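Survey of secondary and tertiary structure
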Amino acid sequence: MYVVKSPLSDANLKTVSEALQGALVDLVDLALVAKQIHWNVVGQRFRSVHLQLDEVVTLARTHSDTVAERAAALGVSPDGRAATVAVGSGIGVTPEGWVDDTAAVRALVEALGAVIARMRERIAATGEADPVTQDILITVTADLEKQHWMFQAENG
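Residues numbered from 1 in each chain as written. Predicted model: local features only at pLDDT ≥ 70, side-chain atom pairs only at ≥ 80, totals over all residues. Heavy atoms only, no water.

Per an unreviewed UniProt entry, the protein chain is named DNA starvation/stationary phase protection protein, and its organism is Streptomyces fimbriatus. UniProt's Sequence similarities (unreviewed entry) comment on the protein chain is quoted here verbatim: "Belongs to the Dps family." (UniProt positions renumbered as here; feature names shortened; annotations may be inferred.)

Here it is, written out as structure tokens:
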């Protein structure tokens, strides 16, 4: 079996691999949460919220792939399995059943806020260890913060 060797020191690789794995778990869960609410949102703003949720799903899926591939490039096996995501995500419980548009937006604001807070910790942790990974995490966080702002504005 071929094993990819990282150019990073063992200590830096540990820091970076933890950051990337955590980011992967949060992004996979964010995509799942947004899709679950997307299927169940109801209310006067159904269409706009429904479409906005799909933007978050696409964003989270795209960035999760980038994060996983960065881990693989450094010789770290990314783990996006359901059991791993369930145990490691920083996102709270997703509403069950039909979700009115106001509650749907509130749930996304909370989910995005939780992921952003953890991403910012990862940005700080990876600065010295691997600026390339840090740059990826900064880009992801900027996109998440844009969605966070848009969902906050949705409920006023």
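1. Some thoughts on the pattern of salt bridges
One pass over the full model with this rule turns up nine salt bridges. E145 is paired through a salt bridge with R120; the nearest N and O atoms lie 2.8 Å apart. In this pair, E145 sits in helix α5 (residues 131-155) while R120 sits in helix α4 (residues 101-126), placing the two residues 25 residues apart along the sequence. (Salt bridge = Lys/Arg side-chain N within 4 Å of Asp/Glu carboxyl O. Helix = DSSP H or I, 4+ residues; strand = E, 2+ residues; numbered from the N terminus.)

2. Points about α4
With 26 residues, α4 extends 37 Å from end C-alpha to end C-alpha; this agrees with the ideal 38 Å at 1.5 Å per step. The N-terminus of α4 is capped by D100, whose side-chain oxygen sits 3.0 Å from the backbone nitrogen of T102. (Expected span 1.5 Å × (residues − 1). Polar contact = N/O pair within 3.5 Å; in protein donor to acceptor, adjacent residues only side chain to side chain.)

3. Considerations on the environment of I123
One can find I123 in helix α4. Among the residues examined, I123 registers a relative accessible area of 14% and is labelled buried. Along the sequence, I123 and L108 sit 15 residues apart, while their C-alpha atoms lie 22 Å from each other. If sequence neighbours within four positions are ignored, I123 has contacts with Q134, L137, I138 and T141. (Buried < 20%, exposed > 50% of the residue type's maximum accessible area, 1.4 Å probe, protein only. Contact = heavy atoms within 4.5 Å.)

4. Some points on the UniProt feature "domain: Ferritin/DPS" (unreviewed entry) in the protein chain
UniProt annotation of "domain: Ferritin/DPS" (unreviewed entry) refers to residues 18-153 when read in the numbering used here. The distance separating the terminal C-alpha atoms of residues 18-153 is 33 Å; by composition the span is 79% helix and 3% strand.

5. Things to note about the nonpolar core
Taken as a class, soluble globular proteins show a tendency for nonpolar side chains to be buried jointly. Counting residues in each nonpolar core, the largest one holds 47 residues, and the members touching the most others are L30, L53, V67, L108 and L144. Counting only elements with at least two residues in this core, the list comes to α1 (10-40), α2 (46-73), α4 and α5. If you tally residues by element for this core, the top one is α1, at 14 residues. Ignoring any residue separated from it by four or fewer positions in sequence, one finds L30 in contact with V56, A60, I91, L108, A111, L112 and L144. (Core = buried A, V, L, I, M, F, W, Y, C linked by side-chain atoms within 4.5 Å.)

6. Topic: α2
With 28 residues, α2 should cover 40 Å at 1.5 Å per step; its first-to-last C-alpha distance of 41 Å lies within 8% of that length. Among the residues trailing α2, G75 stands out with phi positive, at a value near 90°.

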